[in-house]
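Remarks on the overall topology
Chain by chain, the residues:
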Amino acid sequence: PMGVLLAWIFGGKVIYDAHELESNKNGQSGVMSRATLFVEKACWCGVDGFITVSNSILRWYEKHLWVKESALVLNSPIVSASHNPAEAKRYFHELYKIPKESLVFVYLGLFVPGRGIEKLLQVFSDERLTAHVVFVGRGPQRALIEQCAMTHPSVHVHDAVAHGQVVELVKSADYGLCLVENVSLSDYYSLPNKLFEYAFAGVPVLASNFPDMQQLIDQYGLGVVAENDVDSITKAVLHLQSTNRQRVDADLTALGGGAQAEELRALYLKVITPTA
């Protein structure tokens, strides 16, 4: 609201960056959801450009508010080197003394409800699995993961690393986990940072079968999807551990940080360039 007011007073421009579907996201109360949508609607006429992170979220805003000059800017990492899916050092195998023939699945992100952590702990407690899981991050559910790791040697916890080190760290895993729970529309329509971090590390993903994630995974061959329940995830891991280790080798230039910067720059130029 303050940005819209100041733009009106001083003749400025407003670009609204909705990093999520702001009125329907995990952990948000009903009152806050309604208040957020009310404010968005009240200010929408003062918005000159719109940025968001997935096609479904963009279409939702266009349907429920109005069409604006817009840009889809994906949550891609900026990597220092060109994409290279070559074999990486087996850091996780060496650190946790995991047999070299066992697959390592890695979870990136916060240890919070709604990220499928409880389900993953059930899955990797299954005695049929030879695969291991490494949780990389921090959050209130760390104690829950550590407790499970004490009784199940296939479960491991790794401290969070600096953002710029994530892709290099993940290269030593075999599969990434992106099993978001359907606890809000923002989650259901999401394209999480970790999905792109896995891809640029050359690591295929096991993800939730949500529309935007499935479309991207199918288009670029980034991995597989599964129903978001313990049985389906377990079946998917059992299948993957029976296959040879895979790597992502698609051309990801269109998904990279540079391409996203160009999308952002193009929107700003459209918004600030005077029309005849």
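To be clear, the structure that these remarks concern was listed above.
The sections below set out a description of the structure shown in this document. None of these values were measured; they are calculated from a predicted model.

Quick look at the overall build of the protein
Each helix and strand in the protein was counted, giving twelve helices and nine strands. In terms of overall dimensions, the protein is globule-like: its C-alpha atoms have a radius of gyration of 20 Å, near the 19 Å expected for 276 residues. Principal-axis analysis of the C-alpha atoms gives the protein an extent of 65 × 40 × 30 Å. Across the 276 residues in the protein, those meeting the buried criterion constitute 48%. Residue pairs in contact within the protein that sit at least 24 positions apart in sequence constitute 67% of those at least 6 positions apart. When the accessible surface of the protein is split by element, carbon and sulfur atoms take 56% of a total near 14200 Å². Here the protein contributes 23 positive and 29 negative side-chain charges, whose respective centroids are spaced 2 Å apart.

Considerations on empty space enclosed by the protein
If you walk through the whole model with that rule in mind, you get one cavity of 30 Å³ or more. The space that makes up the largest cavity amounts to roughly 30 Å³. A per-class count over the lining of the largest cavity returns five nonpolar, one polar and two charged.

Examining the layout of surface pockets
Of the pockets and cavities examined, the largest pocket occupies roughly 780 Å³. Taken together, 28 residues line the largest pocket, and the ones lying closest to its centre are Gly-109, Leu-110, Arg-115, Asn-193 and Lys-194. Of all the elements in the fold, those that place two or more residues in the lining of the largest pocket are strand E4 (104-110), strand E5 (132-138), helix H8 (185-188) and helix H9 (193-200). A class-by-class count of the residues in the lining of the largest pocket yields twelve nonpolar, nine polar and seven charged.

Examining a nonpolar patch on the surface
A cluster of nonpolar residues, Met-2, Leu-5, Leu-6, Trp-8, Ile-9 and Phe-10, forms a patch on the protein surface that exposes about 750 Å² of accessible area. By secondary structure assignment, the location of Trp-8 is in helix H1 (residues 2-10). The exposure class assigned to Trp-8 is exposed, which follows from its relative accessible area of 71%.

A word on the packing of aromatic side chains
Per the counting criterion, the structure on display carries 14 aromatic pairs. Centre to centre, the rings of Tyr-107 and Phe-135 are 5.4 Å apart; their planes meet at 45 degrees, and the pair counts as tilted. In this pair, Tyr-107 is assigned in strand E4 and Phe-135 in strand E5, connecting sequence segments 28 residues apart. For the pair shown, Tyr-107 and Phe-135 are each scored as buried. Relative to Phe-210, the ring of Tyr-188 has its centre 5.0 Å away and its plane inclined at 55 degrees; by these criteria the two rings are tilted. Placement of Tyr-188 in helix H8 and of Phe-210 in the loop between strand E8 (205-208) and helix H10 (211-220) is noted, with a sequence separation of 22 residues between them. Three or more aromatic residues joined by ring pairs form one cluster here, namely Tyr-16, Trp-44, Phe-50, Trp-60 and Tyr-61. Its guanidinium or amino end placed over the ring of Tyr-107, Lys-194 lies 4.3 Å from that ring's centre, counting from NZ or CZ.

Quick word on the pairing of strand E6 (residues 155-159)
Most of E6 sits out of view: four of its five residues are buried. Pairing between E5 and E6: five bridges, direction parallel. Within the sheet, the bridge partner assigned to Val-133 lies in E6 and is Val-155. Taking the sense of rotation as the criterion, the β-α-β connection linking E5, helix H6 (residues 142-151) and E6 turns out right-handed.

The rules behind each value
- Residues numbered from 1 in each chain as written.
- Predicted model: local features only at pLDDT ≥ 70, side-chain atom pairs only at ≥ 80, totals over all residues.
- Heavy atoms only, no water.
- Helix = DSSP H or I, 4+ residues; strand = E, 2+ residues; numbered from the N terminus.
- Rg over C-alpha atoms; globule rule 2.2 N^0.38 Å.
- Buried < 20%, exposed > 50% of the residue type's maximum accessible area, 1.4 Å probe, protein only.
- Contact = heavy atoms within 4.5 Å.
- Areas by Shrake-Rupley, 256 points an atom, 1.4 Å probe, with all protein chains shown as cover.
- Lys, Arg positive; Asp, Glu negative; His and termini not counted.
- Charge placed at Lys NZ, Arg CZ, Asp CG, Glu CD.
- 1 Å grid on protein atoms, 1.4 Å probe; cavity = no way out; pocket = protein on both sides within 12 Å on 5 of 7 lines; lining within 4 Å.
- Points joined across faces, edges and corners; volume = space filled by probe spheres on them.
- Nonpolar A, V, L, I, M, F, W, Y, C, P; charged D, E, K, R; others polar.
- Patch = residues over 30% accessible without salt bridge, like charges linked within 9 Å, V, L, I, M, F, W, Y side chains within 5 Å.
- Salt bridge = Lys/Arg side-chain N within 4 Å of Asp/Glu carboxyl O.
- Phe/Tyr/Trp six-rings, centres within 6.5 Å; stacked < 30°, edge-to-face > 60°.
- Lys NZ or Arg CZ within 6 Å of the ring centre and 35° of its normal.
- Pairing = 2+ DSSP bridges.
- Right-handed = clockwise from strand over helix to strand, strands pointing away.

On their own, these measurements won't tell you what the molecule is for.
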